[in-house]
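# Chains, contacts and geometry: an overview
Spelled out, the chains give:
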Amino acid sequence: MKKVSILIPCYNEELSLPLLYPELCKLMDDGVLRRRYEWEVMFVNDGSSDNTLSVLQGLHAADSRISYIDLSRNFGKENAMLAGFDYVSGDCMVIMDADLQHPPSLIPQMLELWEQGWDDVYAKRLTRGHESWLRKRLSLGFYAMLQRMADVDVLPNVGDFRLLDRKCINVLRHLRESQRYTKGMYSWMGFRKTEIPFEQQDRVAGESAWNFMKLTNLAVNGITSFTTAPLRMATVLGLLVSAAAFLFLIYVLVCTLIWGDPVQGYPTMMVVILFLGGIQLLALGIIGEYLGHIYHESKHRPTYIAREMNGKLLADGTPQRL
Ligand code: UDP
Ligand code: MG
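So, on to the overall build of the chain. When helices and strands are counted, the chain shows 11 helices and 9 strands. Classification of the 322 residues of the chain by burial places 43% in the buried group. Excluding contacts between residues fewer than 6 apart, the proportion of contacts in the chain whose partners are at least 24 apart in sequence is 82%. Distance between charge centroids for the chain: 2 Å, based on 33 positive and 35 negative side chains.

Before going further, it helps to examine the site of ligand 1. Around ligand 1 sit 18 residues in total, of which Glu 13, Asp 46, Asp 99, Gln 101 and Ser 208 are the nearest. In this structure, Asn 74 approaches ligand 1 through a side-chain N or O atom, which is 3.1 Å from an oxygen atom. Within the complex, 92% of the 530 Å² of free accessible area of ligand 1 lies under protein. Among the residues making up the shell around ligand 1, the classes are represented as 6 nonpolar, 4 polar and 8 charged.

This next bit is on the pattern of salt bridges. It is possible for side chains bearing opposite charge to pair when their charged atoms get close. Using the criterion set out here, one finds 14 salt bridges in the structure. We note a salt bridge from Glu 23 to Lys 26, for which the minimum N-O separation is 3.4 Å. Here Glu 23 pairs with Lys 26, and both are found in helix H1 (residues 17-28), just 3 residues apart, close to one helical turn. Across the pair Arg 173 and Asp 86 runs a salt bridge, and its minimum N-O distance is 3.4 Å. Note that Arg 173 is positioned in helix H7 (residues 166-174) and Asp 86 in helix H4 (residues 77-87), a separation of 87 residues in sequence. For Arg 173, a relative accessible area of 15% puts it in the buried group. Among the ionic contacts, a cluster of salt bridges with common partners joins Asp 29, Arg 34, Asp 63 and Arg 65.

To continue, consider the coordination of the magnesium ion (ligand 2). Taken together, Asp 99 (OD) and Gln 101 (OE1) make up the protein donors of the magnesium ion (ligand 2), found 1.9 Å from the metal. The class of Asp 99 is buried, set by a relative accessible area of 2%. With a relative accessible area of 15%, Gln 101 lands in the buried category.

Turning our eyes to something else, we now look at unusual backbone geometry. Despite not being glycine, Phe 191 has its phi angle at roughly 75 degrees, a positive value. Its place among the elements puts Phe 191 in the loop between helix H8 (182-189) and strand S7 (193-199). Positive phi values are uncommon outside glycine, yet His 300 reaches one of about 50 degrees. Within the secondary structure, His 300 is located in the loop between helix H11 (266-298) and strand S8 (306-309). Exposure remark for His 300: the relative accessible area of 70% places this residue in the exposed category.

Attention now moves to the packing of aromatic side chains. All chains considered together, the criterion is met by 6 aromatic pairs. Aromatic pair Phe 142 and Tyr 181: ring centres 6.3 Å apart, planes at 90 degrees, arrangement edge-to-face. Of the two residues, Phe 142 is situated in helix H6 (residues 133-149) and Tyr 181 in the loop between H7 and H8; the sequence distance between them amounts to 39 residues. For Phe 142, a relative accessible area of 13% puts it in the buried group. The interplanar angle of 70 degrees and the centroid separation of 6.2 Å between the aromatic rings of Tyr 181 and Phe 226 together place this pair among those described as edge-to-face. On the criterion of sequence distance, the pair formed by Tyr 181 in the loop between H7 and H8 and Phe 226 in helix H9 (residues 212-226) is long-range, its members being 45 residues apart. Each member of the pair, Tyr 181 together with Phe 226, is buried. The positively charged end of Arg 73 is found above the aromatic ring belonging to Phe 75, 3.9 Å away from the centroid.

Another aspect to go through is the sheet that holds strand S1 (residues 2-10). Sheet strands associate in pairs through backbone hydrogen bonding, adopting either a parallel or an antiparallel arrangement. Spatial strand order, S7-S5-S6-S4-S1-S2-S3-S8-S9: 9 strands in an open sheet with mixed pairing. Where the open sheet ends on each side, the last strands, each with one partner, are S7 and strand S9 (312-313). Judged from the 3 bridges that link them, strand S3 (residues 66-71) and S8 form a sheet pairing that is antiparallel. Counterpart to Ile 69 in the pairing with S8 is Met 309. The sheet strands contacting H1 are S1, strand S2 (37-45) and S3, and the helix crosses S2 at an angle near 165 degrees.

Take the pairing of strand S4 (residues 92-95) next. Burial along S4 is two-sided: Cys 92 and Val 94 and Met 93 and Ile 95, pointing in opposite directions, are all buried. Direction of pairing for S1 relative to S4: parallel, over a ladder of 4 bridges. Residue Val 4 lies in a different strand from S4, and its bridge partner there is Cys 92. Looking at chain direction, S4 and strand S6 (residues 158-165) are connected through 4 bridges and run antiparallel. When the sheet's bridge partners are listed, Cys 92 is paired in S6 with Asp 165.

Taking 1.5 Å of rise per residue, 12 residues should cover 16 Å, and H1 covers 16 Å from first to last C-alpha, within 8% of that figure. Every buried residue of H1 is listed here: Leu 17, Leu 20, Leu 24, Cys 25, Leu 27 and Met 28. Seen along its axis, H1 keeps its buried residues to an arc of 155 degrees; they face one direction. On its buried face, H1 is in contact with S1, helix H2 (31-36), S2, helix H3 (52-62) and helix H5 (107-115).

Conventions we followed
- Residues numbered from 1 in each chain as written.
- Chains lettered and ligands numbered in written order.
- Predicted model: local features only at pLDDT ≥ 70, side-chain atom pairs only at ≥ 80, totals over all residues.
- Heavy atoms only, no water.
- Helix = DSSP H or I, 4+ residues; strand = E, 2+ residues; numbered from the N terminus.
- Buried < 20%, exposed > 50% of the residue type's maximum accessible area, 1.4 Å probe, protein only.
- Contact = heavy atoms within 4.5 Å.
- Lys, Arg positive; Asp, Glu negative; His and termini not counted.
- Charge placed at Lys NZ, Arg CZ, Asp CG, Glu CD.
- Near = heavy atom within 4 Å.
- Polar contact = N/O pair within 3.5 Å; in protein donor to acceptor, adjacent residues only side chain to side chain.
- Areas by Shrake-Rupley, 256 points an atom, 1.4 Å probe, with all protein chains shown as cover.
- Nonpolar A, V, L, I, M, F, W, Y, C, P; charged D, E, K, R; others polar.
- Salt bridge = Lys/Arg side-chain N within 4 Å of Asp/Glu carboxyl O.
- Donors = N, O, S within 2.8 Å, 3.2 Å for Na, K, Ca; no water.
- Phe/Tyr/Trp six-rings, centres within 6.5 Å; stacked < 30°, edge-to-face > 60°.
- Lys NZ or Arg CZ within 6 Å of the ring centre and 35° of its normal.
- Pairing = 2+ DSSP bridges.
- Axes fitted to C-alpha atoms, helices over the stretch in contact; angles between N-to-C directions.
- Expected span 1.5 Å × (residues − 1).
- Arc of directions from axis to C-beta.

The following block contains the structure:
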């Protein structure tokens, strides 16, 4: 019998989990699906500060299909998902959020497509649920920019809600960069992909953990971990400014030769100095972003630390299973 894993990263989801669990049971206890597949639900507690862990412990005690990994602190959703990739044991894995924004009722359709031979069945939202106008605009703008700059085709309105075949899971487990942008990785790894449209619901309970800073960080990570185009842009910008400066130099020389040198030009001088200063800082900032990446990766720290799994300490001292 094939085994299906459902991976759910959780950060402060004590209110959503009691609503999510019955939905999952409805899915797993469905007559056909129950006979056809063995199920595993892998929750990753990403250092929640509320009672998420005890809720998960309760679920695990009551239902042997439920497993959980407890991380030693909040490592962020991207790293929490990697912990899940390391420990799920299914022939395929469905990743979904704990807040029921991703309806479990879509999973049978995903499984059907998987059985037909698709390796990566992703859900594409038709509506984005409740979200501010600014966040929506910025998010769409970011995807447009990333697609133009990077070689990988990261799709807008496609999130982490997807089914991945075992071969995809194995690839993802080997991508161990610490500044993760998993959405880019799905596109980068290739394999046979297909999409299912769905209507995204509002979060059932609790609050979204993403604030503007976190999203900006994710966006910068997305760009800097998949393309060096900003560095190229800095070069091009430098060349353009140098060319303009050269033309201006000729102009100033000619003017001085023809009309002499009346001391003037304070405004021009200031504008040029400030403009060049700005561009230099921008270019330094871009280099700095990449340097920061190199710095973090060169430390080779584990991307997450797991404290326990299903109540057992991970005894070997190496939280990552590679
Ligand atoms: N999440 C996580 N670690 C974090 C932030 C979020 O594991 O640091 C989980 C969260 O519990 C949820 C999923 O990631 O299951 C999506 O988070 P959220 O609903 O807050 O994001 P949004 O839907 O607003 O993008
Ligand atoms: Mg959500």
